[in-house]
Amino acid sequence: VQLQASGGGLVQAGGSLRLSCAASGRTFSIYAMGWFRQAPGKEREIVAAINRSGGSTYYEDSVKGRFTVSRDNAKNTVYLQMNSLKPEDTALYYCAAVRRTNMYAVVTTGAYDYWGQGTLVTVSS
């Protein structure tokens with residue numbers, strides 16, 4: 001599967017952005033999906049994950065209540081709605097996919113097989 005992330009940009013603190021990740025192919029629903037970010041000088045970290053159906057999600061503690069991950073399997077797309085953005089959210093954001101036969105969200109970075117290119121999110125104070 002090939003992944004194409006978009007939707008990044010420059011936003012003021014308190015603002016919102018919605019990231020999208022479009023996947024190629026006709027079997028999108030067999031993949032659990034994740035959003036990750038990497039800030040300068042820091043390791044890549046998971047932000048959110050969603051299972052194959054969209055019925056199970058995971059959020060990193062610092063984004064709980066502010067970010068929402070969702071997917072539309074008919075459109076082969078996963079989204080990350082980011083509200084109440086903070087300067088510390090500034091990073092390169094990546095989407096990733098891992099093929100799964102179960103219905104769990106996948107929270108381990110190393111488990112993901114396919115990665116999109118990053119989309120830059122910059123939050124000004």
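Residues numbered from 1 in each chain as written. Predicted model: local features only at pLDDT ≥ 70, side-chain atom pairs only at ≥ 80, totals over all residues. Heavy atoms only, no water.

A.B. asks: Which residues make up the state of the cysteines, and what values go with them?
C.D. replies: This model, assessed by the stated rule, comprises 1 disulfide. The disulfide that involves C21 links it to C95, with 2.1 Å between the sulfurs. One disulfide, between C21 and C95, carries an S-S torsion of 65 degrees and so falls in the right-handed class. Placement of the pair is C21 in strand β3 (residues 17-23) and C95 in strand β9 (residues 91-99), with a sequence separation of 74 residues. Judged on exposure class, the residue C21 and its partner C95 are both buried. (Disulfide = S-S within 2.5 Å. Helix = DSSP H or I, 4+ residues; strand = E, 2+ residues; numbered from the N terminus. Buried < 20%, exposed > 50% of the residue type's maximum accessible area, 1.4 Å probe, protein only.)

A.B. asks: So what about the nonpolar core? Which residues, and what values?
C.D. replies: Membership of the largest hydrophobic core comes to 29 residues, with the highest contact counts inside it found for M33, W35, L80, M82 and Y93. For this core, the secondary structure elements donating two or more residues are β1 (3-6), β3, β4 (31-38), β5 (45-50), β7 (67-72), β8 (77-82), β9 and β11 (119-124). Excluding residues that lie within four positions of it along the chain, Y93 makes contacts with L19, F36, R37, V47, F67, L80, M82, Q117, G118, T119 and V121. Counting 8 residues, the second largest nonpolar core, distinct from the first, contains F36, I46, A49 and A96. (Core = buried A, V, L, I, M, F, W, Y, C linked by side-chain atoms within 4.5 Å. Contact = heavy atoms within 4.5 Å.)

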